[in-house]
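# Secondary and tertiary structure notes
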Amino acid sequence: MHTAYPPPEALLPFVSFFYEVKWERKDYGEKIEEFVLPSGMGFMVFQYSGSIYGSIGDKKPFVPKCYTIGQQINTYTLTSDDDIVALIGVAFKPAGLRKLFGFNMSTLVDTPLSTESLLNVNLTELLHQLERTTDPRERISRVEKLLLNRVKGAYKTSPMVDLGVEMMCESYGCIQVREVTDKLNVSMRYFQKKFKEVVGIPPSTFNRIVRFNNLFSEIDMNAQNDYASLGTLYNYYDFSHFYKDFKKYCGHTPNEFHIERFKFIQEVFVRDSLFIKNAQTY
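In this report, the structure presented in the accompanying data block is examined. Per chain, residue numbering runs from 1 following the sequence as it is written. With pLDDT at 70 or above as the cut-off, local features in this predicted model cover only qualifying residues; side-chain atom pairs require 80 or more to be listed or tallied, and sums for whole chains, interfaces and linings still use all residues. Excluding hydrogens and water, the side-chain figures rest on all heavy atoms present in the structure.

### A short note on the overall build of the chain
Counting from the N terminus, the helices are the DSSP runs of H or I reaching at least four residues and the strands are the DSSP runs of E reaching at least two. Helix and strand counts for the chain come out as twelve helices and nine strands. The rule is simple: take the accessible area with a 1.4 Å probe, protein chains only, and divide by the maximum for that residue type; under 20% is buried, over 50% is exposed, in between is partly exposed. Each of the 282 residues in the chain was classed as buried or not, and the buried ones make up 52%. By sequence separation, contacts in the chain at least 24 residues apart represent 73% of the contacts at least 6 residues apart. A total accessible area of about 13,300 Å² is found for the chain, and carbon and sulfur atoms account for 48% of it. Every residue pair with non-hydrogen atoms within 4.5 Å of one another is taken to be in contact. To measure how exposed things are, a 1.4 Å probe is used in the Shrake-Rupley method; for residues, cover is taken only from the protein chains shown.

### Here we look at the nonpolar core
Looking at soluble globular proteins, one finds that nonpolar side chains tend to be buried together. Take the buried Ala, Val, Leu, Ile, Met, Phe, Trp, Tyr and Cys residues and link them wherever side-chain atoms come within 4.5 Å; each set so joined is a nonpolar core. One finds Phe191, Phe195, Val199, Phe206, Phe212, Phe216 and Cys250 to be the most contacted residues of the largest nonpolar core, which totals 37 residues. Sorting the residues of this core by element identifies α5 (159-170), α6 (177-184), α7 (188-199), α8 (203-216), α9 (227-233) and α10 (239-250) as the ones contributing at least two each. Broken down by element, the residue count for this core peaks at six residues, all from α8. Sequence-distant contacts of Phe191, that is, excluding residues within four places in its chain, are made with Met160, Gly164, Met168, Val177, Val180, Thr181, Leu184, Val186 and Pro203. By size, the runner-up hydrophobic cluster in this structure holds 28 residues, among which are Leu11, Met44, Phe46 and Tyr48.

### Things to note about the sheet that holds strand β7 (residues 76-80)
The strands that make up a sheet pair up through hydrogen bonds in the backbone, lying either parallel or antiparallel. In this scheme, strands are said to pair when DSSP sees at least two bridges between them. If you trace the three strands from one edge of the open sheet to the other, you get β3-β7-β5, paired in antiparallel fashion. Unpaired on one side and paired on the other, β3 (32-36) and β5 (53-56) mark the two borders of the sheet. Put simply, the sheet's adjacent strands are angled 15 degrees from each other on average, direction ignored. Pairing of β5 with β7 involves four bridges; the strand directions are antiparallel. Its bridge partner being in β7, Ser55 is matched across the sheet by Thr77. An axis is simply a line fitted to the C-alpha atoms; with a helix, the fit covers only the stretch in contact. Between two such axes, the angle follows the N-to-C directions and lies from 0 to 180 degrees.

### So, the packing of aromatic side chains
The criterion for an aromatic pair is that two Phe, Tyr or Trp rings (for Trp, the six-membered ring) have centres within 6.5 Å, with stacked assigned to planes under 30 degrees apart, edge-to-face to planes over 60 apart and tilted to the rest. Going through the model one piece at a time under the given rule, you end up with eleven aromatic pairs. With a centroid separation of 5.7 Å and an interplanar angle of 75 degrees, the aromatic rings of Phe212 and Phe246 are classed as edge-to-face. Of the two residues, Phe212 sits in helix α8 while Phe246 sits in helix α10, which places them 34 residues apart along the sequence. Ring geometry for Phe212 and Tyr249: centres 5.2 Å apart, planes at 45 degrees, overall tilted.

### Some points on the pairing of β7
Most of β7 is tucked away: four of the five residues are buried. Here β3 runs beside β7; their pairing, made up of five bridges, is antiparallel. The residue of β7 that forms the bridge with Ile32 is Ser80.

### Focus on the environment of Ser39
Its location among the elements puts Ser39 in the loop between β3 and β4 (42-49). Engagement of the side chain of Ser39 in a polar contact is seen with the backbone nitrogen of Met41, the distance being 3.3 Å. Residues adjacent in sequence count toward polar contacts only when both atoms are side-chain atoms; beyond that, a polar contact is any pair of N or O atoms within 3.5 Å, and within protein one must be able to donate a hydrogen and the other to accept it.

### A short note on unusual backbone geometry
Excluding glycine, most residues fall at negative phi; most peptide bonds, likewise, are trans. Here the phi dihedral of Tyr172 falls at roughly 60 degrees; this positive angle occurs in a residue that is not glycine. Topologically, Tyr172 is positioned in the loop between α5 and α6. Classification of Tyr172 by relative accessible area gives partly exposed; the value is 48%. A positive phi angle, near 60 degrees, is found at Asn185, a position not held by glycine. Locating Asn185 in the fold gives a position in the loop between α6 and α7.

### Quick word on helix α3 (residues 124-132)
Buried within α3 are the following residues: Leu126, Leu127 and Leu130. The arc enclosing the buried residues of α3, seen along the axis, measures out at 100 degrees, which places them on a common side. Turned more than 90 degrees away from the buried face of α3, the exposed residues are Glu131 and Arg132. Those residues of α3 that are buried are in contact with β4, β6 (66-69) and α4 (136-148). Directions pointing from the helix axis toward each C-beta atom define the arc.

### Let's talk about the environment of Gln47
Relative to the assigned elements, Gln47 resides in strand β4. Taking C-alpha positions, Gln47 is 8.5 Å from Gly89, a pair spaced 42 residues apart along the chain. In this view, Gln47 contacts Ile52, Val63, Pro64, Lys65, Tyr67, Ala86, Leu87 and Leu127; residues no more than four positions away in its chain are not counted. Within the structure, the side chain of Gln47 is placed 2.8 Å from the backbone oxygen of Pro64, a separation counted as a polar contact.

Here it is, written out as structure tokens:
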């Protein structure tokens, strides 16, 4: 179960949405296990009941109770042996973490790091408050306050990166990065440097993630999918190129992938399409 909440106006330049997730082991098999696609966003997560562990690509990083992670460029799984896992999350716009906190975004790629260490704060009491609170809106409000305290000290980043992100999102990831730099009238090398500094990954990688997310949102959960046509629709130059991306982000080939096994991505990446609806910078 997940519920999304819009951010207050002061956080709009940084945050796409807040969300609350609750998973119960009785709804799964031996353990809670969810599969998540790279989304083009960064996240700050507060686990106030139970805790998750998992894997990102070939890595199995330690996941703190309160963690921040930047761009994910590999498929990842979230797993728990607890009966209930409940968390509040903040989905940041592609440049949001850099703007609000000034983080070195390359260190956060595929790496969940302790938010307490990153911000030099103790979040134990906040977790207790989230656990004790019965009203979801109040839980979101408590996390909002943590971020609102940082707004006045927000960092300036290149508007060029915001414009580039916007072009990629508006084109569903089908625009060429060279076309973006031509429209911005900047060199490819300069744009790549600034984009990676602000977002954490090269623009071509981000664009690829945006495209796959848009394609994935077109999957029909109740019918046989024509993946060849979907690949053509999103400008994959041949099926082997599409096949490679599908296996990279889904962990399986199109024929081996069974979306009905994964409730969370059905809800968030297909039915609601939260990430592609909210990735834009403005």
